[in-house]
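Take a look at the letters that make up each chain.
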Amino acid sequence: MASTPTAASSPCPGFSPALAPTLARVAATDDFSAGRFRNRLSALPATALLDIAALACEGSAAARKRAQELIALHNPTPVWAVSNILLSPDLLGKMMATLNLSDCAAAAVCKTWACTWREMVRA
């Protein structure tokens with residue numbers, strides 16, 4: 001017959017085995033996990049957080065999408081780059097020429113890109 005662990009025999013001093021079921025339920029909730037990870041991640045250096053974020057983006061479309069949203073919010077493309085490069089009539093055709101038909105999402109960027117995409121596909 002197995003003995004029930006006591007607070008004295010527990011590897012964690014002051015731990016009451018009677019609390020184990022309650023702690024297991026709390027640990028299983030998303031709120032606890034999110035809060036726990038947020039607190040633990042806040043102690044990491046920026047380089048470690050970047051490594052974690054990059055790994056998450058590689059493995060998850062949802063993480064990639066959220067990262068793009070946050071990048072656009074906190075570090076948007078400069079206006080000069082949009083007007084002088086991304087919408088430049090001289091450069092747009094050359095940029096589109098590097099794309100394949102499978103890159104059709106480029107047409108959804110803006111009206112100018114959609115028109116250029118249509119012209120490229122028709123050619």
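Before going into details, it helps to say that this report is about the structure given with it. (Residues numbered from 1 in each chain as written. Predicted model: local features only at pLDDT ≥ 70, side-chain atom pairs only at ≥ 80, totals over all residues. Heavy atoms only, no water.)

**Notes on the overall build of the protein**
Argument step 1. A count of helical and extended segments in the protein gives seven helices and zero strands.
Argument step 2. From first element to last, N terminus to C terminus, the protein shows the α and β order α-α-α-α-α-α-α.
Argument step 3. The contacts of the protein with a sequence gap of at least 6 include a subset with a gap of at least 24, amounting to 10%.
Argument step 4. Counting every atom, the protein has about 9900 Å² of accessible surface; 65% of that belongs to carbon and sulfur. (Helix = DSSP H or I, 4+ residues; strand = E, 2+ residues; numbered from the N terminus. Contact = heavy atoms within 4.5 Å. Areas by Shrake-Rupley, 256 points an atom, 1.4 Å probe, with all protein chains shown as cover.)

**Remarks on helix α3 (residues 46-59)**
Argument step 1. Given a rise of 1.5 Å per residue, 14 residues ought to cover 20 Å, and the 20 Å separating the end C-alpha atoms of α3 matches this to within 8%.
Argument step 2. For α3, a buried count of one out of 14 residues is recorded, marking the element as mostly open to its surroundings. (Expected span 1.5 Å × (residues − 1). Buried < 20%, exposed > 50% of the residue type's maximum accessible area, 1.4 Å probe, protein only.)

**Some thoughts on the packing of aromatic side chains**
Argument step 1. Evaluated as defined, the whole model comprises zero aromatic pairs.
Argument step 2. Sitting over the ring of F37, R36 keeps its end group 4.4 Å from the ring centre. (Phe/Tyr/Trp six-rings, centres within 6.5 Å; stacked < 30°, edge-to-face > 60°. Lys NZ or Arg CZ within 6 Å of the ring centre and 35° of its normal.)

**Some words on the layout of surface pockets**
Argument step 1. Space inside the largest pocket adds up to approximately 280 Å³.
Argument step 2. Around the largest pocket, the lining residues are L41, L49, I52, A53, A56, C57, A63, R66, A67, L70 and I71.
Argument step 3. Elements supplying a minimum of two residues to the lining of the largest pocket: α3 and α4 (61-74). (1 Å grid on protein atoms, 1.4 Å probe; cavity = no way out; pocket = protein on both sides within 12 Å on 5 of 7 lines; lining within 4 Å. Points joined across faces, edges and corners; volume = space filled by probe spheres on them.)

**Structural notes on helix α7 (residues 111-122)**
Argument step 1. Between its first and last C-alpha, α7 extends 17 Å over twelve residues, near the 16 Å set by a 1.5 Å rise per residue.
Argument step 2. The inward-facing, buried residues of α7 contact α5 (79-86) and α6 (89-97).

All we've got here are geometric facts, nothing functional implied.
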